Amino acid sequence: MQVLNNNNWWRGGVIYQIYPRSYADSNGDGCGDLNGITSKLPYVASLGVDAIWLSPVFKSPMKDFGYDVSDYCDIDPLFGTLADFKILVDRAHALGLKVMIDQVLSHTSDQHEWFKQSRVSRVNAKSDWYVWADAKADGSPPNNWLSIFGGSAWTWDTGRRQYYLHNFLPSQPDINYHHPEAVNAILATVKFWLDFGVDGYRLDTANFYFHSQSLKDNPPAQGAATHKLNPYEFQQHLYDKSQPENLAFLKRLRSLVDAYPNTTMVGEIGCDDGVARMAEYTADGDKLHMAYSFDLLGSECSADYLHRVFSRFYSIVGSGWPSWALSNHDVTRLATRWGKDSGNQTYLRTLAALQMSLRGSPCIYQGDELALPEAVVPYEAIQDPVGISMWPENKGRDGCRTPMPWQADASDAGFGSGKTASWLPIEARHLPLAVNVQEGDAHSHLHFYRQLLRWRKGQQALIVGEIDLLPLQGEVLAFVRSHENERVLCAFNLGAQAVSVSAKGSLIDGSGLSGASLSEDTLTLAPYSGAFVRVA
C-alpha cells in the first residue's frame, strides 16, 4: 500500500541515533542537552545521514534514564524546554535532517499522574489503565512472568493490595492496552509531537504493548539455561508480549502517523524470534514502516551467522521493510563487540559498507563514525540499573553511553565546559579518536564514513533496490542489489585470509573501500575487506 502523502524518504534513509545525555553539554552541568545537540547539528548533517533519532528527552525521574516517562508531552528540565526542542527541530529541518523521537508507549514511570491515580484504589477513572492482578492464595505473584531487569515482573502495591505488571524496573509499570481509554490517551500523546513537527518515531519495545489476559505462565525455554546470566532468558515469552492484539493497535497507530506528511516509525523488536516479528510488523504497509531486532546486536558476527539471519529474513519479509542496526545505546559498542578491540578499522569499514548496502534503512549510533570502542566504567561510576544489579558479569550499558569525544585536548573531551564532571567518565581511549583529531586526518574513519554515505546517495540500487542473497563462499558474504537496469554485486570478506570469488563486471569506485581487485572475472578480496561490482 503506497501512502499518498509520504515521500518515502525513510526507505533506505540513514538514521543517526543520538543519546542526548552524552552528546553535548551546553550549560556545563555535566549532562548533555537539547541546545548541545542543536549546536552539533551541522556536524551531523556533514555525515550525510537523513535523520536523527533522539533517545527520550521527556519528563522523567530518570530511574532508567528517560525510558521511564512521567509526562509524555513535556521536556525534562535536564535537557531544556519545549522552546529549546522547537529550535532543534527547526534547525535540523533547515539542514535537511528529519527528526525522530523515542517514544516509550508500553509503560510509564510510577511517577506519571496516570499511575498515581491508578494505584489509589481499585475503583477510579484510571484504576484499570495499568495491569493489576490479585495475588495467588499463598500471596505470591499472579504468574511466573519475569522482568528483563531481573526478578519477578510483578510488584506488590500495599494501597491496592494487588500486584502490578512491569516488564522492566518496578518503577516502570505497564500500561493496560486492553483498556480503550488508556489507548486513546497514548495516541493523543503521539499526536501531540506530530503536531509539534517531528518527522517520526522510534518505538521502544514495540511488541510489548499487549499482554495475554489469561495470565498463563510462560513455559521454559528450550535447551539448557545454566549458562545464561539473566533468568529472563529461561522462558519462552508466549504470554507476556508479542500478542495478536498488537497488530490491530499498530494499524491504528500507522493510520494516525500517516495523516502527517512524510513521517515514519521504526519499532524495536525484542522477541524470541525477532526476524519473524520484524517481517510481521512491517508487512502490507499498514503497521510499522520499519522494524529492527537484536539479531545483529549480539556477539555473533561470522559470515555464516549473518547469512542465516539475512536468508531467513529476506525469505519471509514480503512487503515489509527492515532497519538494520549494528549498535545502539543498549549494547556493547561495535568496535569491541565484533571488532574485539583490535583497532582494525579496515574491518569496521567493511562492516559499515555491509550495513549501508543491505536492503533496508541503516541506523548508526553516535560514535560509530569514529570507531569508538566500549568504554571501561568502574563500578563506583556505574549509573545503569542493569550494571548495578548484575555486576560484574554484566556491567550494564554505561560503556556505550559515555560522552562523545569532540576535542582530544580538552579536559572533558569538549563535551561540556570542563567545570563540572560529566555524568559518566570520559574514556581515555576515545581521546585519540576525537572528532577534532579525525577532522584533521584525511584517512580517518570519520572521513571514510562521510565518503561512504555521500557515495551511497548516488547508488539507487543500494537505497531502494531488490536484494538477491548469494550462497555463502567461506567467509565471503555477498548479494546483488538491483534497480531498473542496474545490478550491483556487494561482496564482503569477513575472514582473516584473502579470498577469490567469481565476478563479472567492473569495480565501482568512490565508496572508500580498499583491498579488492578484479581481473579476468575473478574478484580478490584482502582480509576483512569488501567491494562493489557493477555486474555485466
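Structure's up top.
Just so it is clear, the model here is predicted, and its values are computed rather than measured.

(A) Broad picture of the nonpolar core. Formed by 117 residues in total, the largest nonpolar core has its most connected members in Tyr16, Tyr43, Phe85 and Phe310. Broken down by element, the residue count for this core peaks at nine residues, all from helix H4 (residues 180-196). When residues no more than four places from it in sequence are discounted, the contact partners of Phe85 are Leu34, Leu54, Ile75, Ile101, Trp193, Phe196 and Val198. Ranked by size, the runner-up nonpolar core spans 14 residues in total, among them Trp10, Met100, Tyr292 and Leu297.

(B) Just empty space enclosed by the protein, in detail. What the rule picks out here adds up to three cavities of 30 Å³ or more. The calculated volume of the largest cavity comes to roughly 100 Å³. In this structure, the largest cavity is lined by 13 residues; those nearest its centre are Leu334, Leu348, Asp368, His445 and Tyr449. Elements represented by at least two residues in the lining of the largest cavity include exactly helix H8 (334-337), helix H9 (345-357) and helix H12 (445-456).

(C) Seen up close, H12. A rise of 1.5 Å per residue sets the reference length of H12, with its twelve residues, at 16 Å; its end C-alpha atoms lie 16 Å apart and thus fit the reference within 8%. Across the twelve residues that make up H12, a large majority, nine, are buried. Those residues of H12 that fall on the buried side of the exposure criterion are His445, Leu446, Phe448, Tyr449, Arg450, Leu452, Leu453, Trp455 and Arg456. Packing partners of the buried residues in H12 comprise helix H1 (34-47), H9, strand E13 (361-365), helix H11 (435-439), helix H13 (460-464) and strand E21 (530-535).

(D) Spotlight on the sheet that holds strand E18 (residues 505-507). Pairing is antiparallel across the open sheet formed by five strands, whose spatial order is E14-E15-E16-E21-E18. Every other strand in the sheet has two partners, leaving strand E14 (466-469) and E18 as the edge strands with one partner each. Shown here is a sheet whose adjacent strand axes are inclined to one another by a mean of 25°, direction ignored. The pairing of E14 with strand E15 (residues 476-483) spans four bridges and is antiparallel. Directly across from Asp468, in E15, lies its bridge partner Val480. The sheet contacts of H9 involve E15, strand E16 (486-493) and E21, and relative to E16 the element is tilted by about 145°.

(E) The packing of aromatic side chains, seen in detail. Going through the model one piece at a time under the given rule, you end up with 37 aromatic pairs. Each ring, one from Tyr177 and one from Tyr209, has its centre 5.2 Å from the other, and the planes form 20°; the classification is stacked. Note that Tyr177 is positioned in the loop between strand E8 (162-165) and H4 and Tyr209 in the loop between strand E9 (200-203) and helix H5 (245-257), a separation of 32 residues in sequence. Judged by centre distance (6.1 Å) and plane angle (65°), the rings of Tyr314 and Trp324 are edge-to-face. Placement of Tyr314 in helix H7 (residues 303-316) and of Trp324 in strand E12 (residues 323-325) is noted, with a sequence separation of ten residues between them. Considered together, Tyr314 and Trp324 belong to a single accessibility category, that of buried residues. Among the aromatic residues, those joined into a cluster by ring pairs are Phe58, Phe85, Phe192, Trp193 and Phe196. The lysine or arginine in question, Arg21, covers the ring of Trp423, its NZ or CZ lying 4.3 Å from the ring centre.

(F) The arrangement of the side chain of His211 in detail. Positionally, His211 belongs in the loop between E9 and H5. Classification of His211 as buried rests on a relative accessible area of 6%. In this view, His211 contacts Val131, Trp145, Leu165, Asn176, His178, Tyr239, Asp240 and Gln243; residues no more than four positions away in its chain are not counted.

Rules behind the numbers
Residues numbered from 1 in each chain as written. Predicted model: local features only at pLDDT ≥ 70, side-chain atom pairs only at ≥ 80, totals over all residues. Heavy atoms only, no water. Core = buried A, V, L, I, M, F, W, Y, C linked by side-chain atoms within 4.5 Å. Buried < 20%, exposed > 50% of the residue type's maximum accessible area, 1.4 Å probe, protein only. Helix = DSSP H or I, 4+ residues; strand = E, 2+ residues; numbered from the N terminus. Contact = heavy atoms within 4.5 Å. 1 Å grid on protein atoms, 1.4 Å probe; cavity = no way out; pocket = protein on both sides within 12 Å on 5 of 7 lines; lining within 4 Å. Points joined across faces, edges and corners; volume = space filled by probe spheres on them. Expected span 1.5 Å × (residues − 1). Pairing = 2+ DSSP bridges. Axes fitted to C-alpha atoms, helices over the stretch in contact; angles between N-to-C directions. Phe/Tyr/Trp six-rings, centres within 6.5 Å; stacked < 30°, edge-to-face > 60°. Lys NZ or Arg CZ within 6 Å of the ring centre and 35° of its normal.

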